[in-house]
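Here are the chains, one letter per residue:
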Amino acid sequence: MTTGKELDNLRQSIDAIDDQLLALLNQRAELAIQVGKYKSGNPSEFYVPSREKQIYTRLLRENPGPVPDEAVRAIFREVISACLNLEQPLTIAYLGPEATFTHIASMEHFGQSARYQPSPSIRDVFSEVERGRVHYGVAPIENSTEGVVNYTLDCLVDSDLSICAEIELGITHHLMSLSGKIESIRRVYSHPHAIAQCRQWLDLNLPEVELVDITSTARAAEIVSHDETSAAICSELAGKLYSLVPVVRKIEDKTNNFTRFIVVGNTRTKKSGNDKTSVVFSLSHAVGSLYHALEVISRFDINMTKIESRPSKMKAWEYLFHIDIEGHCDDENVSQALDLLGQRSLFLKVLGSYPKSIPSRKGE
Ligand SMILES: O=C(O)C(=O)C[C@]1(C(=O)O)C=C[C@@H](O)C=C1
């Protein structure tokens, strides 16, 4: 047992370390301000995803414990966020309203010091950045259970913005209501993707209940906050914002449920050493055209992590192929592969090269 004196000594040692941490944090902030002065003054140069990725990778590799990696990441997220804010306060548009998973993903990536602005649609997220009203935008692009968010893919094709970074968030859905009682539920509101991710649970546990599609999980929570007989499938953050309590926690069918979000902006992200590149292309209706296009990827020894096709919208039954490949477009093999792929395509656009995400479980 620790005596009162020993406890006092331990707390004094903690105070001494806190003083050192505070002094070091301020030294770090001074250095970040100096780094900021080397940047040309263009606001889009201040946030450097490749450098941030290198910092996290090194710290997580060197972490001796007992502080868990997830905590190291969260602490340094806030340190970097505060330092960046001293260089240039960042404004971020996200697919709102407040407390959506996109909001959670944005805060997880940019930290508490950035300023956040909800946008009513994915198109609006893009246009806020295009019009220069915010520095960056965040939109969902793919869920591990439900597949791609088509609208984000379409916006990427139409827009001149680049993908600067990706964010991967573990997603957990809770059934939340005003009373927390399952027997009073007549309707369940949520975003169609969230309903689809909880389909088996709903069929088994609430087979008679009406399911209502809503534009976002956060909006569902807001509606339910005015109706005693309904429940929302939403994040804990959204439920708390509207004074809901959990009826049943973690109702998603697949426990490994992740969503990827993209950060879009006017800048191209430099190499971090562990990157991905997103590309969209279209092909002629000739025998083997897709085969010949993809042969280029394997010829240059590149791993493809995703392929998706979308209607071109220009002509019926013509398609755009969206692929993600490992590597940065400034890597020799990726750059050569993209040149050749361009020669074999009717149209090719590089949507961005960006650091591979470090998955986070903060949405759980
Ligand atoms: O290295 C930089 O360019 C910085 O601005 C410093 C810093 C940091 O705090 O480490 C801050 C923001 C950037 O996104 C990356 C790194």
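Keep in mind that this is a model prediction, so the values were computed, not measured.

(A) Fine view of the site of the ligand. All residues adjacent to the ligand are Ala 32, Val 35, Gly 36, Tyr 47, Val 48, Arg 51, Glu 52, Ile 55, Ile 80, Cys 83, Leu 84 and Glu 87. Breaking the shell around the ligand down by element, the ones donating at least two residues are helix 1 (4-38), helix 2 (49-62) and helix 3 (69-87). The element best represented in the shell around the ligand is helix 3, accounting for four residues. When grouped by side-chain class, the residues that make up the shell around the ligand number eight nonpolar, one polar and three charged.

(B) Quick peek at the sheet that holds strand 8 (residues 210-213). Strand order in the open sheet formed by five strands is 8-7-9-6-10, with mixed pairing between adjacent strands. In this open sheet, the two edge strands, each paired with only one partner strand, are strand 8 and strand 10 (245-248). Between one strand axis and the next, the sheet turns through 35 degrees on average, direction left out of account. Of the pairings in the sheet, the one linking strand 7 (residues 187-190) to strand 9 (residues 230-234) comprises three bridges and is parallel in character. Bridge assignment links Val 188 to a residue of strand 9, and that residue is Ala 231. The strands touched by helix 9 (residues 217-224) within the sheet are strand 6 (174-177), strand 7 and strand 9, with strand 9 carrying the most contacts at an inclination of about 160 degrees.

(C) Representation of the UniProt feature "domain: Prephenate dehydratase" (unreviewed entry) in the chain in the model. When the UniProt feature table is mapped to this numbering, "domain: Prephenate dehydratase" (unreviewed entry) covers residues 91-266. Overall, residues 91-266 shows 31% helix and 33% strand. The separation of its end C-alpha atoms is 13 Å.

(D) Representation of the packing of helix 2 against helix 3 in the model. Contact geometry for helix 2 and helix 3: axes closest at 10 Å, N-to-C directions at 145 degrees. Read as a crossing pair, helix 2 and helix 3 show a hand that is right-handed. Residues Glu 52, Ile 55, Tyr 56, Leu 59 and Leu 60 of helix 2 pack against Asp 69, Val 72, Arg 73, Phe 76 and Ile 80 of helix 3. Here the residues of the contact of helix 2 with helix 3 are counted per class, giving seven nonpolar, no polar and three charged.

(E) How the structure looks around the sheet that holds strand 15 (residues 347-355). Taken in spatial order, the four strands line up as 13-14-12-15 in an open sheet, and their pairing is antiparallel. Of all the strands in the sheet, just strand 13 (304-311) and strand 15 have a single pairing partner and so form its edges. Neighbouring strand axes in the sheet, compared pairwise and without regard to direction, differ in orientation by 15 degrees on average. Relative to strand 14 (residues 319-326), strand 13 runs antiparallel, the two being bridged by seven bridges. Note on strand 14: the bridge partner recorded for Ile 307 is Ile 323. Contacts from helix 6 (residues 150-158) reach strand 12 (275-282), strand 13, strand 14 and strand 15 within the one sheet, and its direction differs from that of strand 13 by about 85 degrees.

About the criteria used
Residues numbered from 1 in each chain as written. Predicted model: local features only at pLDDT ≥ 70, side-chain atom pairs only at ≥ 80, totals over all residues. Near = placed C-beta within 6 Å. Helix = DSSP H or I, 4+ residues; strand = E, 2+ residues; numbered from the N terminus. Nonpolar A, V, L, I, M, F, W, Y, C, P; charged D, E, K, R; others polar. Pairing = 2+ DSSP bridges. Axes fitted to C-alpha atoms, helices over the stretch in contact; angles between N-to-C directions. Contact = placed C-beta atoms within 7 Å. UniProt positions renumbered as here; feature names shortened; annotations may be inferred. Left-handed = near helix turned anticlockwise from the far one by under 90°.

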